[in-house]
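Residue-level structure breakdown
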Amino acid sequence: MPDGHVVTAAEVEAELQRVGVELQPLDIVLVNTAAGKAIGDPNFVNIGCGMGYEATMYLLEKGVRVTGTDAWSWDAPFSYTAKKVKETGDTSLIWEGHKAGRDIGYCHLEKLHNLEILPPSGFTVSCFPHKIRGASAGWTRAVAIFDD
């Protein structure tokens, strides 16, 4: 998807069908936006697409409770969102993917690396978080584990 695109539920469903994956409850979904290859680029925060409310709710209603992306945010880059809010006056567009967690709780990981080398399925994702007292977020070591 182009930079700034907000992914829809229909696009998620089409991609899952394309790669032959049927989501199961508690599956972890990782979204490769190609932003991961841009880490270090001064324009990194403007690169990649994002998951909208509708797309996020699609995953959550299937039982997904952990998601991840290679982009700096689960949502579309904020520069694009700010432009849409200015044009429409619709402030509900700000962090819409994040806000889906108000309806169905979930956790997400951002700035993941090497998602482009992972297969569509067939591995386990393990996350080893660093606990920070009083914080709403922190860093984690996320790894893909493959069975032999």
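Residues numbered from 1 in each chain as written. Predicted model: local features only at pLDDT ≥ 70, side-chain atom pairs only at ≥ 80, totals over all residues. Heavy atoms only, no water.

**Here we look at the side chain of Thr-67**
Structurally, Thr-67 can be placed in strand 4 (residues 66-69). When residues no more than four places from it in sequence are discounted, the contact partners of Thr-67 are Val-29, Leu-59, Trp-74, Tyr-106, Cys-107, His-108 and Leu-109. (Helix = DSSP H or I, 4+ residues; strand = E, 2+ residues; numbered from the N terminus. Contact = heavy atoms within 4.5 Å.)

**Considering the sheet that holds strand 4**
Read from one edge to the other, the open sheet built from three strands follows the order 2-4-5, with strand pairing classed as parallel. Taken across any chain shown, the strands that pair with only one partner, and hence form the sheet edges, are strand 2 (28-31) and strand 5 (107-109). This sheet shows a mean twist of 20° between the axes of neighbouring strands, independent of strand direction. Here strand 4 runs beside strand 5; their pairing, made up of three bridges, is parallel. (Pairing = 2+ DSSP bridges. Axes fitted to C-alpha atoms, helices over the stretch in contact; angles between N-to-C directions.)

**Details of the nonpolar core**
The biggest cluster of nonpolar side chains holds 20 residues, and the ones touching the most others in it are Val-12, Leu-23, Met-51 and Leu-59. If you list the elements that add at least two residues to this core, you get helix 1 (9-19), strand 2 and helix 2 (53-61). The element that contributes the greatest number of residues to this core is helix 2, accounting for five residues. Those residues in contact with Leu-59, other than ones at most four positions away along the chain, are Val-12, Leu-23, Val-29, Met-51, Val-64, Thr-67 and Trp-74. Within the second largest apolar cluster, six residues are counted, among which are Ala-38, Phe-44, Ala-71 and Trp-72. (Core = buried A, V, L, I, M, F, W, Y, C linked by side-chain atoms within 4.5 Å. Buried < 20%, exposed > 50% of the residue type's maximum accessible area, 1.4 Å probe, protein only.)

**Some details on the pairing of strand 4**
Pairing of strand 2 with strand 4, which is carried by four bridges, proceeds in the parallel orientation. Bridge pairing in strand 4 places Val-31 opposite Thr-69.

**Observations concerning the pattern of salt bridges**
Following the criterion strictly, the structure yields one salt bridge and no others. When the shortest N-O distance is used, the salt bridge between Arg-18 and Glu-15 registers 2.7 Å. Here Glu-15 and Arg-18 lie together in helix 1, a separation of three residues that amounts to about one turn. By relative accessible area, which is 37% here, Glu-15 ends up partly exposed. (Salt bridge = Lys/Arg side-chain N within 4 Å of Asp/Glu carboxyl O.)

**Some words on unusual backbone geometry**
The bulk of non-glycine residues show a negative phi, and the bulk of peptide bonds are trans. For Leu-26, which is not a glycine, the phi torsion comes out positive at approximately 75°. Residue placement: Leu-26 occurs in the loop between helix 1 and strand 2. A relative accessible area of 66% means that Leu-26 is categorised as exposed.

**What to know about the environment of Val-6**
As for its placement among the helices and strands, Val-6 is situated in strand 1 (residues 6-7). A residue is classified by how much of its surface remains accessible, and Val-6, at 22% relative accessible area, is partly exposed. Through-space distance from the C-alpha of Val-6 to that of Gly-52 is 5.4 Å; in sequence the pair is 46 residues apart. In contact with Val-6, not counting residues within four places along its chain, are Glu-11, Gly-50, Gly-52, Ala-76, Lys-84 and Glu-96.

**Thoughts on the packing of aromatic side chains**
The final tally for this structure, using the stated rule, is four aromatic pairs. Measuring from centroid to centroid gives 5.4 Å for Phe-78 and Trp-95, while their planes differ by 25°, and the two rings are stacked. Taken together, the residues Phe-78 in helix 3 (residues 78-88) and Trp-95 in the loop between helix 3 and helix 4 (96-99) connect sequence positions 17 residues apart. Taking the relative accessible area as the measure of exposure, Phe-78 reaches 31% and is therefore partly exposed. Residue class for Trp-95 comes out partly exposed when judged on its relative accessible area of 30%. Where Phe-123 meets Phe-146, the ring centres are 5.5 Å apart and the plane angle is 40°; that geometry is what we call tilted. You can see Phe-123 sitting in the loop between strand 5 and strand 6 (124-129) and its partner Phe-146 sitting in the segment after strand 7 (140-145), a full 23 residues away along the chain. (Phe/Tyr/Trp six-rings, centres within 6.5 Å; stacked < 30°, edge-to-face > 60°.)

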